[in-house]
Amino acid sequence: EPWLFCPPGGEPMRHVYDRIWNTILEIVRENPGRTVCAASHGCAIRNFLCRASGWPIERLNEMDWCDNTGLSIVDFDGDLRPHIVLMNDASHLTGDTSTFATQDWWKPENRGGDVFG
């Protein structure tokens, strides 16, 4: 239940879910018709992609993690509805440059009880 997670003295996951969404919407509103790149850390990206997929935060465990430098493309229409074009693409990485190549904590079958999802 990562949506219930809040590190001591830190930001609750529900706040991350809302904050990243509102920040991206603000960027989209300020840049109509433009292509914009936003970079963040994996947890915030995962929360954003969960929301962009139309999912409530309670489905966060179903959203895959992305490798470092993974690329997602989300287009927004005139009504600020997101349309995911590409999600978590890491085809530019090799086994030597992928952080996930040597780890398995992120695989769905291995992340069941961990507080980070």
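Residues numbered from 1 in each chain as written. Predicted model: local features only at pLDDT ≥ 70, side-chain atom pairs only at ≥ 80, totals over all residues. Heavy atoms only, no water.

J.: What is the right way to read a nonpolar patch on the surface from this model?
T.: A contiguous nonpolar surface patch, about 250 Å² in accessible area, is contributed by L71, I73 and V85. Take V85: it is sitting in strand β2 (residues 82–89). In this structure V85 comes out as exposed when scored by relative accessible area, which is 53%. (Patch = residues over 30% accessible without salt bridge, like charges linked within 9 Å, V, L, I, M, F, W, Y side chains within 5 Å. Areas by Shrake-Rupley, 256 points an atom, 1.4 Å probe, with all protein chains shown as cover. Salt bridge = Lys/Arg side-chain N within 4 Å of Asp/Glu carboxyl O. Helix = DSSP H or I, 4+ residues; strand = E, 2+ residues; numbered from the N terminus. Buried < 20%, exposed > 50% of the residue type's maximum accessible area, 1.4 Å probe, protein only.)

J.: I would appreciate a short explanation of the environment of I45 in the present structure.
T.: Turning to its location among the elements, I45 is positioned in helix α2 (residues 42–52). With a relative accessible area of 23%, I45 lands in the partly exposed category. Along the sequence, I45 and C66 sit 21 residues apart, while their C-alpha atoms lie 8.3 Å from each other. Look past the residues within four positions of I45 in its chain and what remains in contact with it is S40 and C66. (Contact = heavy atoms within 4.5 Å.)

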